[in-house]
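# Examination of the molecular architecture
Read off the chains here:
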Amino acid sequence: MSLQYSFVVPIYNEEANIPELYRRLRAVMDSLDGDAELVFVDDGSHDRSLLLVRDLHQQDSRICYLSLARNFGHQIAVTAGLNFARGDAVVVMDADLQDPPELIPELVQWWQRGYQVVYAQRTQRRRENWFKRLTAFGFYRILRHLADVEIPTDTGDFCLMDRRVVDLLNAMPERNRYIRGLRAWVGFRQTAILFERDPRFAGEVKYTFGKSFALAVNGLVSFSKVPLRISTYIGMGAAAIALLMAILVLYWRFFAPNSPLTGYAAITVAIFFMGAVQLISIGILGEYIGRIYEEIKGRPLYTLAEVGGFQEVKEGSNRRDRNLRDVRLL
Ligand code: UDP
Ligand code: MG
């Protein structure tokens, strides 16, 4: 009998959420019309998360888990889960119950109606601080204008993907993974369902400002070349201004020798302006070159310390085998 549904849940220090998450997910799994597996991906947690997950695996054979050998970050943890998930439809969700499990039957319905990607779109974020709301609001709108593919606004990674889409994502070698972008990139029939995002059930936010910022830069750089062009535009603008200035300076020299605008202040401002433009441009270039460097090294995306519950795991995809080799090394 083939497995119909997989739930991929990345976990980073979520001990306070796991029991409640399992309780609610179990109810959903029991209500679905096919067999389901629950894939927990422990992203190098320091708390008791892995112990709890191991216990659950003992109790319930539908639970499988991976434990990454260190903290690789949310996107990589999800990637690892997708590599191992075996279902015909794969749901990705957070462990903190901000993505309500009770929405899953609705995702499934749309999948059964023939959509390959069903993503959940937030209409509201309850009790998240204004700074996070504001930056997220701004970022998704900038991204939509700059990105080469249409990346829907206000959607996170909470979604259901068809096996075909998951296989395509698994075949993508890139390391700087912005999954919600890659998911949009593959195409097929996609649809959104709206939901209100609940506050975290327990525990602290694991996405620090630094991590969120890195994810945002990643999304922009991975899906747009516009930033590279910005320096060209500013450069052309600056050249035009410089030409104008040259003409003005000549004019003042001959016709208004006492003009205050010919002094050091104007020169200093111009020098600082050009210096700033050049440094920012080099920084933008650096972002893209850094990515080329990272891609070209071709290291595995993650290393695994422990795997539990995937019986026929050996006949998996290449990537799965490659990562399993790392497990055997440990
Ligand atoms: N997470 C992870 N690795 C990390 C950071 C977060 O696997 O380095 C997981 C975390 O356990 C949670 C999900 O990613 O299941 C989303 O994290 P969080 O709730 O902190 O982010 P937010 O809801 O603010 O986007
Ligand atoms: Mg959260």
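The following paragraphs examine the structure supplied in this document. (Residues numbered from 1 in each chain as written. Chains lettered and ligands numbered in written order. Predicted model: local features only at pLDDT ≥ 70, side-chain atom pairs only at ≥ 80, totals over all residues. Heavy atoms only, no water.)

### Some remarks on the overall build of the protein
Across its full length, the protein holds 11 helices and eight strands. For the C-alpha atoms alone, the extent of the protein along its principal axes is close to 90 × 45 × 40 Å. Here the protein holds 330 residues, and the buried ones make up 47% of them. Across the protein, the fraction of contacts at a sequence separation of at least 24, relative to all contacts at a separation of at least 6, is 82%. Here the protein has roughly 17500 Å² of accessible surface; of this, 61% comes from carbon and sulfur atoms. Charge-centre separation for the protein: the mean point of 40 positive side chains lies 6 Å from the mean point of 37 negative side chains. (Helix = DSSP H or I, 4+ residues; strand = E, 2+ residues; numbered from the N terminus. Buried < 20%, exposed > 50% of the residue type's maximum accessible area, 1.4 Å probe, protein only. Contact = heavy atoms within 4.5 Å. Areas by Shrake-Rupley, 256 points an atom, 1.4 Å probe, with all protein chains shown as cover. Lys, Arg positive; Asp, Glu negative; His and termini not counted. Charge placed at Lys NZ, Arg CZ, Asp CG, Glu CD.)

### What to know about the packing of aromatic side chains
Overall, the coordinates contain eight aromatic pairs when judged by the stated rule. With a centroid separation of 5.9 Å and an interplanar angle of 90 degrees, the aromatic rings of W130 and F131 are classed as edge-to-face. Residue W130 is classed as exposed on the basis of its relative accessible area of 64%. Judged by its relative accessible area of 39%, F131 falls in the partly exposed class. Its guanidinium or amino end placed over the ring of F72, R70 lies 3.9 Å from that ring's centre, counting from NZ or CZ. Here the basic side chain of R141 rests over the ring of F137, its NZ or CZ set 3.8 Å away from the ring centre. (Phe/Tyr/Trp six-rings, centres within 6.5 Å; stacked < 30°, edge-to-face > 60°. Lys NZ or Arg CZ within 6 Å of the ring centre and 35° of its normal.)

### Re the pattern of salt bridges
In the structure shown here, the tally under the stated rule is 14 salt bridges. Taking the shortest distance from any N to any O, the salt bridge between D99 and R197 comes out at 3.3 Å. Note that D99 is positioned in the loop between β4 (89–92) and α4 (104–112) and R197 in strand β7 (residues 190–197), a separation of 98 residues in sequence. In terms of burial, D99 and R197 fall into one category: buried. (Salt bridge = Lys/Arg side-chain N within 4 Å of Asp/Glu carboxyl O.)

### A few points about the site of ligand 1
Around ligand 1 lies a shell of 19 residues, among which D43, D96, Q98, K132 and K206 are the nearest. In the environment of ligand 1, an oxygen atom lies 2.5 Å from a nitrogen or oxygen atom belonging to the side chain of Q98. Y207 is positioned such that a nitrogen or oxygen atom in its backbone is 3.1 Å from an oxygen atom of ligand 1. Compared with its free state, where it exposes 530 Å², ligand 1 has 96% of that area covered by protein. (Near = heavy atom within 4 Å. Polar contact = N/O pair within 3.5 Å; in protein donor to acceptor, adjacent residues only side chain to side chain.)

### Concerning unusual backbone geometry
Most peptide bonds take the trans form, and the phi angle of most residues other than glycine is negative. One non-glycine residue, N13, adopts positive backbone phi at about 50 degrees. Looking at the secondary structure, you find N13 in the loop between β1 (5–11) and α1 (18–31). Unlike most non-glycine residues, F188 shows phi in positive territory, near 65 degrees. Structurally, the position occupied by F188 is in the loop between α7 (179–186) and β7.

### Looking at the side chain of R183
Tracing the backbone through its elements, the reader meets R183 in helix α7. This buried residue, R183, is left without a salt bridge; D157 holds the nearest opposite charge, at 4.5 Å.

### Notes on the environment of T232
Tracing the backbone through its elements, the reader meets T232 in helix α9 (residues 226–255). Using a relative accessible area of 43% as the deciding quantity, one classes T232 as partly exposed. With 121 residues separating them in the primary sequence, T232 and W111 have C-alpha atoms 44 Å apart.

### A closer look at the coordination of the magnesium ion (ligand 2)
For the magnesium ion (ligand 2), the protein coordination sphere consists of D96 (OD) and Q98 (OE1), at 1.9 Å. For the pair D96 and Q98, one class covers both residues: buried. (Donors = N, O, S within 2.8 Å, 3.2 Å for Na, K, Ca; no water.)

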